[in-house]
Amino acid sequence: GVLDTLSIRVFQEPELTFDEITVNSAGTFNYPFVGEVAAEGKTPIELSRELEAGLGSRYIRNPQVVVGVVTSAAQRVVVDGQVVEPGVYEVAGTSSLMESIARAKGLTFTGVEDEVIVFRNVDGERFGAVFDLRAIREGRVADPEILGGDRIVVGYSAIRGGYQDFMRLVPL
């Protein structure tokens, strides 16, 4: 992922071994003799194979490369509105809407299942989409992917809120 720190080890090549290489905000890093390498969305094994191919094409015979993730720059998702524990939650890579709601301990009594809005910034513009958790649970609609930087807001039911207030005021 973006801003992750990788370790790259090339067997018997100490000058090509690095304890820490940071993936830049574009999802790439520069590596000697290979150049710019796209890392975002790839597994360490896929990166190892790609570096082996790049080094083996002209520079080293049968290179053995091991790539590891030293630190993962956790991305944050804001879950707000009518959830039990609103807050900022870390996600590694991607998550789903249901997973994000579960991290916030689910909806409150006044939460509305069909008024869950996901806000996302795309190319500097803010977009929002409304989702129905009941339809997702029933499998009628796919569980949307949630990315770092997204903001999830669960709607409020005025009827349930009024009922809850009434029940608090009426003595048993």
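Scoring rules and cut-offs
- Residues numbered from 1 in each chain as written.
- Predicted model: local features only at pLDDT ≥ 70, side-chain atom pairs only at ≥ 80, totals over all residues.
- Heavy atoms only, no water.
- Helix = DSSP H or I, 4+ residues; strand = E, 2+ residues; numbered from the N terminus.
- Core = buried A, V, L, I, M, F, W, Y, C linked by side-chain atoms within 4.5 Å.
- Buried < 20%, exposed > 50% of the residue type's maximum accessible area, 1.4 Å probe, protein only.
- Contact = heavy atoms within 4.5 Å.
- pLDDT = per-residue confidence, 0-100.
- Phe/Tyr/Trp six-rings, centres within 6.5 Å; stacked < 30°, edge-to-face > 60°.
- Lys NZ or Arg CZ within 6 Å of the ring centre and 35° of its normal.
- Pairing = 2+ DSSP bridges.
- Axes fitted to C-alpha atoms, helices over the stretch in contact; angles between N-to-C directions.

## What about unusual backbone geometry?
Of note, the phi angle at Q12 is positive, near 60°, even though the residue is not glycine. Positive phi, normally seen in glycine, also occurs at K105, with a value near 70°. Along the chain, K105 falls in the loop between α2 (97–103) and β9 (111–122).

## Quick notes on the nonpolar core
Within the largest apolar cluster, 16 residues are counted, with the highest numbers of intra-cluster contacts made by I8, F29, Y31 and L51. Of all the elements in the fold, those that place two or more residues in this core are β1 (5–10), β3 (28–31), α1 (44–56) and β5 (65–71). Those residues within four positions of L51 in sequence are excluded, and the remaining contacts are I8, F29, Y31, V34, V37, V65 and V67. With 15 residues, the next largest nonpolar core counts V77, L97, A104 and V154 among its residues.

## Points about the confidence of the model for the protein
Averaged over the protein, the pLDDT score is 87; the fraction of residues at 70 or greater is 92%. Per-element averaging of pLDDT across the protein places helix α4 (residues 158–169) at the bottom with 71 and helix α3 (residues 133–137) at the top with 94.

## Here we look at the packing of aromatic side chains
Any aromatic ring pair is given by two values, namely how distant the centres are and how the planes are angled relative to each other. Taken as a whole and judged by the stated rule, the model has two aromatic pairs. The interplanar angle of 75° and the centroid separation of 5.7 Å between the aromatic rings of F18 and Y31 together place this pair among those described as edge-to-face. Separated by 13 residues along the polypeptide, F18 in strand β2 (residues 18–22) and Y31 in strand β3 bring together distant segments of the chain. Judged by its relative accessible area of 26%, F18 is partly exposed. Using a relative accessible area of 3% as the deciding quantity, one classes Y31 as buried. When the ring centre of F119 is taken as reference, the NZ or CZ atom of R126 above it lies at 4.4 Å.

## Concerning the sheet that holds strand β6 (residues 75–81)
Spatially, β7-β6-β12-β9-β10 is the arrangement adopted by the five strands of the open sheet, whose pairing is mixed. Both edges of this open sheet fall to β7 (87–91) and β10 (125–131), since each of them pairs with a single strand only. For this sheet, the mean angle separating the axes of adjacent strands, direction not counted, is 25°. Direction of pairing for β6 relative to strand β12 (residues 151–156): parallel, over a ladder of four bridges. Across the sheet, the residue bridging to V78 is R151, located in β12.

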